[in-house]
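Single-letter residue listing:
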Amino acid sequence: MPEMDKAQLIELLDFPRKRILQSMELNACPHAGFFNSSDEQCLNCYQGMECTWMNHNDELIAVEEKSVKEIKQQLLIAVDFIDSNLTPHHLSRRNCECDNCSWLRKTQELLAIEYSD
Ligand SMILES: [Zn+2]
């Protein structure tokens, strides 16, 4: 059931989308968060990773038209982001039930499954 799997992956993009958006300081961005690859300011921006990710996975973008492989790549980046923003407190707790840790566990489980496109 590859389509079912894809829907699950797309659903998982929701959480990091909110988290990354929260972490971004859009007031400091001259493009209001729209990545502009021809602008040097964008290329050297300290929010570059978050911004590029958002521009790839925004709700306005038809993620369902992407391949499972692409979505998984974006989820991997998101896992890194969420993971690096967790305090050691979460990591030391085996079964932390907070939104971050639950999302990480669920996503890592799904990413471990091999899908065919
Ligand atoms: Zn936690």
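Residues numbered from 1 in each chain as written. Predicted model: local features only at pLDDT ≥ 70, side-chain atom pairs only at ≥ 80, totals over all residues.

Draft legend 1. Inspection of the overall build of the protein chain at higher detail. Broken down by element type, the protein chain carries 7 helices and 0 strands. The N-to-C order of helical and strand elements in the protein chain reads α-α-α-α-α-α-α. Counting only C-alpha atoms, the protein chain reaches 40 × 40 × 20 Å along its principal axes. Residue burial in the protein chain is summarised as follows: out of 117 residues, 13% are buried. Sequence separation of 24 or more characterises 63% of the internal contacts of the protein chain that already satisfy a separation of 6 or more. (Helix = DSSP H or I, 4+ residues; strand = E, 2+ residues; numbered from the N terminus. Buried ≥ 20, exposed ≤ 12 C-beta atoms within 10 Å, placed from the backbone. Contact = placed C-beta atoms within 7 Å.)

Draft legend 2. Spatial organisation of helix α4 (residues 48-57). Inspection of α4 places E50, C51, W53, M54 and N57 among the buried residues, and these make up the whole buried set. Buried residues of α4 fall within an arc of 165 degrees about the axis and therefore sit on the same side. On its buried face, α4 sits against α2 (14-23) and α5 (68-84). (Arc of directions from axis to C-beta.)

Draft legend 3. Fine view of the nonpolar core. Counting residues in hydrophobic clusters, the biggest one holds 10 residues: L9, L12, L13, I20, C51, W53, M54, I71, L75 and A78. Of all the elements in the fold, those that place two or more residues in this core are α1 (2-12), α4 and α5. If sequence neighbours within four positions are ignored, L75 has contacts with L9, L12, L13, T107 and L111. (Core = buried A, V, L, I, M, F, W, Y, C linked by C-beta atoms within 7 Å.)

Draft legend 4. Focus on the environment of K66. Within the element layout of this structure, K66 appears in the loop between α4 and α5. As for K66 and I10, which are separated by 56 residues in sequence, their C-alpha atoms are 9.7 Å apart.

Draft legend 5. Main features of the packing of α2 against α5. α5 packs onto α2 with a crossing angle of 55 degrees between their chain directions and a minimal axis gap of 10 Å. With respect to each other, α2 and α5 are oriented oblique. α5 is crossed by α2, and the crossing has left-handed handedness. Contacts between α2 and α5 involve P16, R19 and I20 on the former and, on the latter, A78, F81 and I82. For the contact of α2 with α5, the class distribution of residues is 5 nonpolar, no polar and 1 charged. (Axes fitted to C-alpha atoms, helices over the stretch in contact; angles between N-to-C directions. Parallel < 35°, antiparallel > 145°, perpendicular 65-115°, else oblique. Left-handed = near helix turned anticlockwise from the far one by under 90°. Nonpolar A, V, L, I, M, F, W, Y, C, P; charged D, E, K, R; others polar.)

Without other data, these values stay purely geometric and don't point to any function.
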